[in-house]
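For reference, the chains in residue letters:
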Amino acid sequence: MNEFLEPGMLVTNPQAPEWGRGQVQSRIGDKVTVNFEHAGKRVIDGRRVQLSLVIEGQG
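Structural notes, computed from the coordinates. (Residues numbered from 1 in each chain as written. Predicted model: local features only at pLDDT ≥ 70, side-chain atom pairs only at ≥ 80, totals over all residues. Heavy atoms only, no water.)

### Structural notes on the sheet that holds strand β5 (residues 52-53)
Strand order in the open sheet formed by five strands is β4-β3-β2-β1-β5, and the pairing between neighbours is antiparallel. Every other strand in the sheet has two partners, leaving β4 (40-45) and β5 as the edge strands with one partner each. As paired elements, strand β2 (residues 22-28) and strand β3 (residues 31-36) share six bridges and run antiparallel to each other. Its bridge partner being in β3, Gly-22 is matched across the sheet by Phe-36. (Pairing = 2+ DSSP bridges. Helix = DSSP H or I, 4+ residues; strand = E, 2+ residues; numbered from the N terminus.)

Shown next as structure tokens:
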């Protein structure tokens with residue numbers, strides 16, 4: 001579900017908006033490591049969570 005993500009991209013977790021924005025650190029298979037503003041580094045299971053891409057200048 002998150003196969004388009006690459007290191008450096010900014011994302012949010014719709015299931016945990018309080019985590020704020022996060023920067024993708026790595027993606028190996030379905031596991032995406034993201035460093036979030038308010039939750040620190042988290043490993044996300046891409047089979048269970050669809051991260052939302054943050055597009056600068058929109059919102």
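### Topic: the pattern of salt bridges
Oppositely charged side chains can pair when the atoms bearing their charge come close. Across all of its chains, the model carries three salt bridges by this definition. Between Arg-47 and Asp-30 there is a salt bridge, and its shortest N-O distance comes to 3.8 Å. Remark: Asp-30 occurs in the loop between β2 and β3 and Arg-47 occurs in the loop between β4 and β5; sequence separation between them is 17 residues. On the basis of relative accessible area, Arg-47 is assigned to the exposed category, the value being 54%. Asp-45 is paired through a salt bridge with Arg-47; the nearest N and O atoms lie 3.1 Å apart. The exposure class of Asp-45 is buried, given its relative accessible area of 17%. Salt bridges here are not isolated pairs; linked through shared partners, they connect Asp-30, Lys-31, Asp-45 and Arg-47. (Salt bridge = Lys/Arg side-chain N within 4 Å of Asp/Glu carboxyl O. Buried < 20%, exposed > 50% of the residue type's maximum accessible area, 1.4 Å probe, protein only.)

### Digging into a nonpolar patch on the surface
Together, Phe-4, Leu-53 and Ile-55 give the surface a local cluster of nonpolar side chains, amounting to about 260 Å² of exposed area. You can see Ile-55 is positioned in the segment after β5. (Patch = residues over 30% accessible without salt bridge, like charges linked within 9 Å, V, L, I, M, F, W, Y side chains within 5 Å. Areas by Shrake-Rupley, 256 points an atom, 1.4 Å probe, with all protein chains shown as cover.)

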